[in-house]
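Chains, contacts and geometry: an overview
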Amino acid sequence: MTDHGQAQDRPILVNGQPHAPVTEPRVSLLDFLRDEGLTGAHAGCEHGVCGACTVLLDGQPVRSCLVLAVQATGHVVDTVEGLGTPEEPHPLQVAFSREEALQCGFCTPGFLMLTVGLLREIPHPSPAEIRDALSANLCRCTGYTGITRAVESVARDEQPWH
Amino acid sequence: MALTKTSDVGASHEWATRPEHPHLLLGRGNYVGDVDREGQLFLVVVRSSEAHGAIRRVDVDEARRAPGVHAVLTAGDLLSVPHLPLRTPHHPEYLPFTEPVLADGRVRYVGQPLAVVVADSPQLAEDATELVDVEVEASAVTTKAWQPAESPLWPGVSDNVASTIHAADGDVDAVFASADVVVSTELAIGRDTGMPMETRGLVAEWSDDGRLHLWGPTKIVPFVRRAVADLFDVPPEAVTCHRVDVGGMFGPRGELYPEDFLVPWAAAVVQRPVKWVEDRREHFLSINHSREQRYLLEIAATRDGRLLGMRADIWVDMGAFVRPVAWRVPEGTVEHLPGPYPWDAVSIRCRAVCTNKTPAGTMRGPTSYETTFARERALDVLADQLGIDPVEVRRKNLIAPDAMPYQQDLGDELAPVIYDSGDYLLVLDGMLATAGLDQIRADVERRRNGGELVGHGVACFLGHSGLGPDETVRLELTAGGEFRVTTSASEIGQNLTSMVAKVLENELGKAAARPQVLTGEVGGGGTGTFASRSTMQVGGALVDACRQLRAIAAERSTEAGHDGRLDDAASWTEVAPIAVQGHHRIDEPTYGFGAHLAVVSVDADTGELSVERIVVAFDCGRAIDPAAARAQLEGAAVQGLAGAAYAELPFDDAGQPLVTTFMNYLMPTVTETPPIDVLLYELPGVTGNRLAAKGVGEAGTIGVGGAIANAVSAALGQADAIRELPVKPDSVAPWLPPWPAERAAEERAPQPGQSTLSGQAHRVLVGVGVGVGVAVMVGVRLLRRRRRAR
């Protein structure tokens, strides 16, 4: 049995900011983030298939719709809101715009965080590695060509992308 | 720490190629699920788990007492249960089949709304729905539209046929009797839907002054506004539809649904804002379904491949009710079956049949996708029978440019369709040249000689667009010299905002290239965002507005003693402020020609398809934004691929939907998506709108089903092999060589010096090897799936 008392005191670190942890067991990490005003992560299916809810948990891409918020207590979460600002966008955000990697934008935060997770693990992934990683998420609008081009362009970039 | 939700990043989007990009990329979208109103409550719909039957009881007492519940509403709480209206006054024959907003006495499909629960949180509302006790006395279920009815869904309609359309032109019997050859095919298309990544949602709030505020309506905002106003007996001006970001539309989203009444009703009852966002399973059960049709199609031709006549019997599966837009499906089916070819005679009968399934509506390329599949399959069968190359049959028959505008009469029941402009053969030949048809043929032949099952297929199509009737936009030059465009059309990811900016730049110069664009604003008029009409209608209205504004500006400039030139922001500011309304009307849709080519290989052991390549060419008249046009064609092609080879919405004999999650609704990932080559043509001759444009939003999907079905049939070496979409391993199995192909070949030709085992031991070993092989394949499959789901 875990020590509930102590564990409940530890915050969830989201984009570097501490958030009070959730106590109700059935609240998903997705619901928690969205209730905190971080609505970039989206509920596409809540079955863990589409990936529109993808965020990083301790640096790993996860389906936040399948992670319970209590599981994130004391852990580190990165969402799209922490990626870039209007004045200083992340290179991935710039690349996505340039390569027509989004249309309706609903799957976009999920793809961005999925890609950040990939690039943290493999800074310069090959096209095959990129395809393999991107196959985790669904997009209905773009047909993936723009998304693939955008990620490949950042992967080729010699500049440190973070 | 709440971030602002609206697109307030306009000023700092230097780094973005489109003004509609930054807020979406930064995670600051304002989709309906992101809308929060102070004091809001949450609504969940109680849905039927039976497909057909009499409602004996809907007991909500326990649910009403559940924690956090403010209201549980049923049909009994309404004096009379309203029905969703038809989105046309011209088809009263469908009025008996419209859908009540809550099941009233009878349920007719799994998922039909029975009650709504309003509670403090979505979780508490869901908890309470499980306490609603429903008893339905089940009746026999009808699921196969083309078979005699199991049981009537509607009293007095024993065959479940809501309507029959008959189109006829010329003497089809004489034409068929005198033809050298007649091919007969029976074809079917699986049920499917647009499936945007965002599910539906609605937020409703009544203000103290009796106004209804809505967040959520997107596709046909003026109609929804009027319809909802009617349902609540308030003037349309009292209903405000606030703009939201839209996570994909594709046809089904934004139509009028029961929830468009239920949510505002609940808000009126509890006197608080009410928010409803469906989950994906509900979406599968409730969104307009589409595509499910069955054909008996006959084509008559001469010995040398000239098309003479077409006879067809079609069944359209309408589902349990005729929804607001559904009347369009049987009609469009008849209109679009003849396609880009001339016929001496046609006779097409189309029955709209009700079944105990989720009601149907339109989806991207509605009726064009289905009819193109059927017709282009039949043409390949014809080609094979005549010993003529399938491409030659198309080239020989496509309507020639000097025959434009070409009129296809359809008899007394329907207005003729008029193909306004185009050069069909040019586009087809251009597509084939870009695709490298000669090289494809050579590659396919070489691979087939090596034992592979691989083939290529082509499909030609017409995409209609610009349905009316009209659009109005407001164009302002503010006192500060800024340009502002207001339109009721919606930005759904199709880059409407960019199109507006480009038209402004084209008409008024660089100083107008960065306007403020307010989409989804109802007030000045307009019809909506559908049928790929926005460039033509909104763009056309904008051109009108720009010309008016320029005329006023030029007059003011010369009056003030300037030279009337408006080159820069300063000169515009001098003539400001100006406000004009632009208008555009289109009386007839325009038709754009396109062609798809697909290369597909089939695994000889498993029957699995590998779609290796898709090429699409389309004539869009004029591309205001070529990059956006290409993006539409690409995305649409992948959506077409889904329905052609992977995704469908089947029901079992009890009317239970078998696919309600993405786990078995197989949407292509990047892995399944082949390279898509797009060839965009801009041919002159479009007279129906000021921009001389044809809508491009749907075209990319239309020929994919036909092209892939033709390619697979070619791969199997059997012209009439594929008669159904999606093409599944089960469909190709009858034509695969004996399995496992390699081992069968080895057994037939044992090599000297190999195994010294007895025949029996050898067979046992082979059997074990095969078993292990299957187990490994299954294991790898499961592993891949799990990895994807993580």
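No experiment lies behind these values; they were computed from the predicted model shown. (Residues numbered from 1 in each chain as written. Chains lettered and ligands numbered in written order. Predicted model: local features only at pLDDT ≥ 70, side-chain atom pairs only at ≥ 80, totals over all residues. Heavy atoms only, no water.)

Attention shifts here to the overall build of chain A. A count of helical and extended segments in chain A gives six helices and five strands. Listed N to C, the secondary structure of chain A is α-β-β-α-β-β-β-α-α-α-α in terms of helices and strands. Its C-alpha atoms put chain A at 50 × 30 × 30 Å along the principal axes. Within chain A, the proportion of its 162 residues that are buried is 60%. Looking at chain A alone, contacts between residues at least 24 apart form 60% of all its contacts between residues at least 6 apart. Counting every atom, chain A has about 6500 Å² of accessible surface; 52% of that belongs to carbon and sulfur. Across chain A, the 10 positively charged side chains and the 20 negatively charged ones have centroids separated by 8 Å. (Helix = DSSP H or I, 4+ residues; strand = E, 2+ residues; numbered from the N terminus. Buried < 20%, exposed > 50% of the residue type's maximum accessible area, 1.4 Å probe, protein only. Contact = heavy atoms within 4.5 Å. Areas by Shrake-Rupley, 256 points an atom, 1.4 Å probe, with all protein chains shown as cover. Lys, Arg positive; Asp, Glu negative; His and termini not counted. Charge placed at Lys NZ, Arg CZ, Asp CG, Glu CD.)

Looking only at helices and strands, chain B features 21 helices and 26 strands. Here the C-alpha radius of gyration of chain B, 28 Å, is about what a compact globule of 790 residues would show, namely 28 Å. With the C-alpha coordinates aligned to their principal axes, the bounding extent of chain B is approximately 95 × 75 × 60 Å. Relative to its full complement of 790 residues, chain B shows a buried share of 61%. (Rg over C-alpha atoms; globule rule 2.2 N^0.38 Å.)

Our focus in this paragraph is the pattern of salt bridges. Residues and elements named next belong to chain B. Overall, the coordinates contain 57 salt bridges over all chains when judged by the stated rule. Ionic pairing is found between E205 and R37, a salt bridge with its closest N-O pair at 2.6 Å. On the criterion of sequence distance, the pair formed by E205 in strand β9 (residues 201-206) and R37 in the loop between α1 (22-25) and β1 (41-47) is long-range, its members being 168 residues apart. Note on R37: relative accessible area 32%, which makes it partly exposed. Between R47 and E259 there is a salt bridge, with the nearest N and O atoms lying 2.8 Å from each other. With R47 in strand β1 and E259 in helix α6 (residues 259-270), this pair connects stretches of sequence that are 212 residues apart. Taking relative accessible area as the criterion, R47 reaches 15% and is therefore assigned buried. Salt bridges sharing common partners tie together R47, R200, E259, E278 and E282. (Salt bridge = Lys/Arg side-chain N within 4 Å of Asp/Glu carboxyl O.)

All right, on to the confidence of the model for chain B then. All names here are of chain B. Averaged over all residues, the pLDDT of chain B equals 90, while 91% of them reach at least 70. For residues 754-764, every residue scores under 50 in pLDDT, and the model assigns this stretch four contacts once sequence neighbours within four places are set aside. Segment residues 785-790: pLDDT under 50, and ten contacts once partners within four positions in sequence are set aside and those in other chains are kept. Scoring the predicted complex yields pTM 0.90 and, for the interface, ipTM 0.96. (pLDDT = per-residue confidence, 0-100.)

At the interface, 63 residues of chain B touch 50 residues of chain A. Summing both partners gives a buried area of about 4800 Å² for chain B against chain A, and 57% of it is carried by carbon and sulfur. Broken down residue by residue, the surface that chain B buries against chain A is led by B:L25, B:M197 and B:V670, which jointly contribute 16%. Put simply, A:E100 and B:R18 hold a salt bridge, and the shortest N to O gap is 2.8 Å. In this structure, the connection of chain B to chain A is made through 20 residue pairs in polar contact (both at pLDDT 80 or more). In terms of residue count, the dominant contributor to the side of chain B that touches chain A is helix α16 (residues 626-645) of chain B (nine residues). (Buried area = accessible area lost by both parts, 1.4 Å probe. Polar contact = N/O pair within 3.5 Å; in protein donor to acceptor, adjacent residues only side chain to side chain.)

This paragraph deals with the state of the cysteines. Taken as a whole and assessed by the stated rule, the structure comprises zero disulfides over all chains. Here A:C107 stays free of any disulfide, with the sulfur of A:C139 as its closest cysteine sulfur at 3.8 Å. For B:C460, which is in no disulfide, the shortest distance to another cysteine sulfur is to B:C620 and amounts to 18 Å. (Disulfide = S-S within 2.5 Å.)

All right, on to the packing of aromatic side chains then. Residues and elements named next belong to chain B. Applying the stated criterion to the full structure yields 16 aromatic pairs over all chains. Cluster of aromatic residues (ring-pair linked, three or more members): F97, Y109, W154 and F321. One Lys or Arg, R108, reaches over the ring of W154 and ends 3.8 Å from the middle of that ring. In this arrangement the basic side chain of R294 is found over the ring face of W146, its NZ or CZ atom lying 3.9 Å from the centre. (Phe/Tyr/Trp six-rings, centres within 6.5 Å; stacked < 30°, edge-to-face > 60°. Lys NZ or Arg CZ within 6 Å of the ring centre and 35° of its normal.)

In this structure, the amide linkage connecting B:M404 to the following residue, B:P405, adopts the cis form with an omega of -10°. The step from B:A576 to B:P577 runs through a cis peptide bond, and the omega angle for that step is -5°. Among the structural elements, B:P577 can be located in the loop between α15 (569-575) and β22 (578-585). Residue A:E46 is not a glycine yet carries a positive backbone phi of 60°. Structurally, A:E46 is set in the loop between α2 (29-35) and β3 (54-57). Note on A:E46: relative accessible area 39%, which makes it partly exposed.

Sheet strands associate in pairs through backbone hydrogen bonding, adopting either a parallel or an antiparallel arrangement. Residues and elements named next belong to chain B. Reading across from one edge, β7-β15-β14-β13-β8-β26 is the order of the six strands in this open sheet, with mixed pairing throughout. Of all strands in the sheet, those bounded by a partner on one side alone are β7 (161-169) and β26 (724-725). Both strand β8 (residues 181-189) and β26 contribute to a ladder of two bridges, which runs parallel. Each bridged residue has a counterpart across the sheet, and for I189 the counterpart in β26 is L725. (Pairing = 2+ DSSP bridges.)

What follows covers the nonpolar core. Counting 121 residues, the largest nonpolar core has B:L597 and B:V712 as the members making the most contacts within it. Once you skip the residues sitting within four places of it in the chain, B:L597 turns out to touch B:M431, B:L432, B:A435, B:L437, B:I440, B:G457, B:V458, B:R613, B:I614, B:V615 and B:A707. The next biggest cluster of nonpolar side chains, apart from the first, holds 53 residues, and it includes A:V49, A:C50, A:L119 and B:F284. (Core = buried A, V, L, I, M, F, W, Y, C linked by side-chain atoms within 4.5 Å.)

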